[in-house]
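# Structure at a glance
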Amino acid sequence: MTDGTRTRMPALHKELLRIAIFAVGVALLLNVLDSGVALNFVMMALYAALLAQAWNILGGYGGQFSFGHALFFGTGAYVQAIAQIDGGLNPWLAMPLGVLASAGVGVFVGALSFRYGLKGSYFALVTLAFAEVFRIVALSVPFTGAGVGLMVPLREGFGNMQFGSRRGFALMVLGLVVLALLVTCWLRHSRFGAYLQAVRDNEDAARAAGVNPFRIKLGAIALSGGFMGAGGAFYVQAFQYIDPGIAYGAHTSVEALVGAIVGGMGTLWGPLIGALALHVLADLTRNLFGQLPGINMVIYGVVLVLMILFAPRGLGGLGRSVRELWKGRTK
Amino acid sequence: MTDLFILFPSILNGLTTGAVYALIALGLTLIYGVLHIINFAHGAALMLALYGVYWLKEAAGIDPYLALPIMVPAMFMLGYGLQRGVINRASHGKDENILLVTLGLSIVMENLALLFFKSDTRTIETAYTLTTVPIDIGFAQAMIALPKLVAFGGALVASVVLILIVGRTDLGRAIRAVAKEKHGAKLMGIDVEHVYAMSFGIGLACLGAAACFLLPAYYVNPQVGNGFVLVAFTIVVLGGMGSFSGALLGGLLIGVVESLGGLLLGESLGQIGIFLLFIAVLLFRPQGLFGAKA
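So, here's what we can say about the structure. (Residues numbered from 1 in each chain as written. Chains lettered and ligands numbered in written order. Predicted model: local features only at pLDDT ≥ 70, side-chain atom pairs only at ≥ 80, totals over all residues.)

## Notes on helix H12 (residues 270-289) of chain A
For an α-helix the count is 3.6 residues per turn, leaving residues at separations of three or four pointing the same way. All names here are of chain A. For H12, built from 20 residues, the straight-helix expectation of 28 Å at 1.5 Å per residue is met to within 8% by its first-to-last C-alpha distance of 28 Å. Looking at H12, one finds that the buried residues are Gly270, Pro271, Leu272, Ile273, Gly274, Ala275, Leu276, Leu278, His279 and Ala282. Where H12 is buried, its residues meet helix H2 (36-59), helix H11 (250-263), helix H13 (295-310) and helix H14 (314-326). Immediately downstream of H12, the backbone of Gly290 shows phi near 80 degrees, a positive value. (Helix = DSSP H or I, 4+ residues; strand = E, 2+ residues; numbered from the N terminus. Expected span 1.5 Å × (residues − 1). Buried ≥ 20, exposed ≤ 12 C-beta atoms within 10 Å, placed from the backbone. Contact = placed C-beta atoms within 7 Å.)

Here is the structure:
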């Protein structure tokens, strides 16, 4: 949690190098992998990592715990689908639109709640309620296809963002994950990021030092919402279908939040590690018990409770404790 | 006068639902008032209680109202155990952790129910399920289902009992002391951990009672808690966090608003009304409509 003070300029180069190695490594892996199952696994793990990273920007670095991040995911997804189906827009153009719309919803919700000083449980409740309102609205208005959902017509081709294989989609989501890593890296080393972490650690002190917490938090929720919206747009392209339950249901909010917390909030690699760990776990149980309704969520819930009980700093924090023990620097 | 013919049954209906809402919200507000935490698992715990009542009826043939002496202590013990065994240990001195742990608990409960009971919506049949009682106040008449009337009376009695426990007993005095100043209470020899767990237990015991009153006129499925939990949050916020009379009044008010909203705007939009009200109150009057208590 108190990572911010540790980082200095040389660390930036190290982090950028690591991100580059990660990007090249996974891209190479994707080119070598041949089986559809393996490609699908990597794609879904990266997708989960993207959601967790998006949540981490606001929750981990901003200290604002949203329980309704599906709000931004669903908005990105619906804009992506509707812009194509009704607007005839090319998906590559629809995506930035979806990201902007999600960031806009973020600014709207953020402006409302931060202006009135909502934080902690109150903020969590408001985001949850907004996601629920959007879900009910999406269920009752015609242009979202209501309960039936929206189907994006199949038009395979790079120009239509519909790649023939899972490999293409995996590479696309890898690009988004790397972008999120770079933005997180920027948060760790920029003035804006320093302000954000100052607001998280002590809002009054930050204000006294001349930081405008309202504007900083607004920036964070817009960034976080934007990446979540990109995740929604990706979902629509990869699965060509969206309905109110998928878009605004609790499942996505929980997946984003648990991934970030399990890996370690407010860290660069935590959300990625957390999402991957959860995904491996979910896959193992699927192989052991078969496809049972709700089993994935049971695991997510149990892991969440266990992590908070025994390792509140996440897997990354756990690793750090071990490293510190190794160096004999037990705090 | 013709308007009253439609409105009166609707208002009555809203009041009966509202009383059960109030009972659920009282449990939530007690937990909030004492522990200063928001129990996200409240809805999921209500769902478990409803399944408890359901299985007692289906497997053992116990009438929902006679299940009260079983469900209330059972839910109390669940709450006491959860608080002492899990929630309290998870805090590490930070409120956010409690928030997340109760969220985790609610996810686990809800999906375990999904796993074991499937997503089917279940109802029970009792001899009085379809019995109705005529109510006549001179210028307006209504027929109301007997289970709803019982729920109304039962929820009100349970609420009064709860308020008396907190207001008049030694335990209640300890609870109020801990709520106000836990360090001071500790110095006076009060076992704060025990009081926390008692409060959490009583909060869930309210759900046990609510479930017994609710099920004869309602249904249960793994998601049933979600609808109630946001309504209960709305009531708690509306009535002022931690205020008992506020929760009671807020519950009745929300029940009527929901019923009238459903009548005038249709079912799903009536639900939106509650969410919008909730957001509006949180934003503009987080101290609640009734109390100015901080």
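## Some details on the nonpolar core
In terms of nonpolar packing, the biggest core is built from 206 residues, with Ile24, Leu50 and Ala210 of chain B touching the most fellow members. Setting aside chain neighbours within four positions, we find Leu50 of chain B in contact with Ala211, Leu214, Leu215, Val220 and Val224 of chain B. (Core = buried A, V, L, I, M, F, W, Y, C linked by C-beta atoms within 7 Å.)

## Topic: the interface of chain A and chain B
Contact residues are listed per partner, giving 35 residues for chain A and 33 residues for chain B. For the side of chain A that touches chain B, the elements supplying multiple residues, two or more each, are helix H4 (91-115), helix H5 (121-140), H11 and H13 of chain A. A per-element tally of the side of chain A that touches chain B places H5 of chain A first, with 12 residues. Classifying every residue of the side of chain A that touches chain B gives 28 nonpolar, 6 polar and 1 charged. (Nonpolar A, V, L, I, M, F, W, Y, C, P; charged D, E, K, R; others polar.)

## Things to note about unusual backbone geometry
If you check the backbone angles, Gln240 of chain A has positive phi at about 55 degrees while not being a glycine. Summarising the element assignment, Gln240 of chain A is placed in the loop between helix H9 (213-239) and strand S2 (241-242). Its 16 C-beta neighbours within 10 Å are what place Gln240 of chain A among the partly exposed residues. Unusually for a residue other than glycine, Lys118 of chain B sits at a positive phi of about 60 degrees. Tracing the backbone shows Lys118 of chain B in the loop between helix H4 (95-117) and strand S1 (132-136). Residue Lys118 of chain B is classed as partly exposed on the basis of its C-beta count, with 13 C-beta atoms lying within 10 Å.

## Details of the environment of Tyr235 of chain A
Assignment of secondary structure puts Tyr235 of chain A in helix H9. Here Tyr235 of chain A falls in the buried class, since 24 other C-beta atoms lie within 10 Å of it.

## Here we look at the pairing of S1 of chain B
Residue and element names in this part refer to chain B. The buried count for S1 comes to 0 of 5 residues, which makes it a mostly uncovered element. Relative to strand S2 (residues 141-145), S1 runs antiparallel, the two sharing 5 bridges. Of the residues in S2, the one forming a bridge with Ile135 is Ala142. (Pairing = 2+ DSSP bridges.)

## Structural notes on the environment of Val262 of chain A
Residues and elements named next belong to chain A. Turning to its location among the elements, Val262 is positioned in helix H11. Sequence spacing of Val262 and Gln240 is 22 residues, and the spatial spacing of their C-alpha atoms is 30 Å. The residues touching Val262, leaving out its near neighbours within four places in the chain, are Gly274, Ala277, Leu278, Val303, Met307, Gly314 and Leu315.

## Thoughts on the environment of Val195 of chain B
Residues and elements named next belong to chain B. By the secondary structure assignment, Val195 is in helix H8 (residues 192-214). Separated by 24 residues in the primary sequence, Val195 and Leu171 place their C-alpha atoms 7.9 Å from one another. With near-sequence residues (within four places) excluded, Val195 lies in contact with Ala174, Ile175, Val178 and Ile190.

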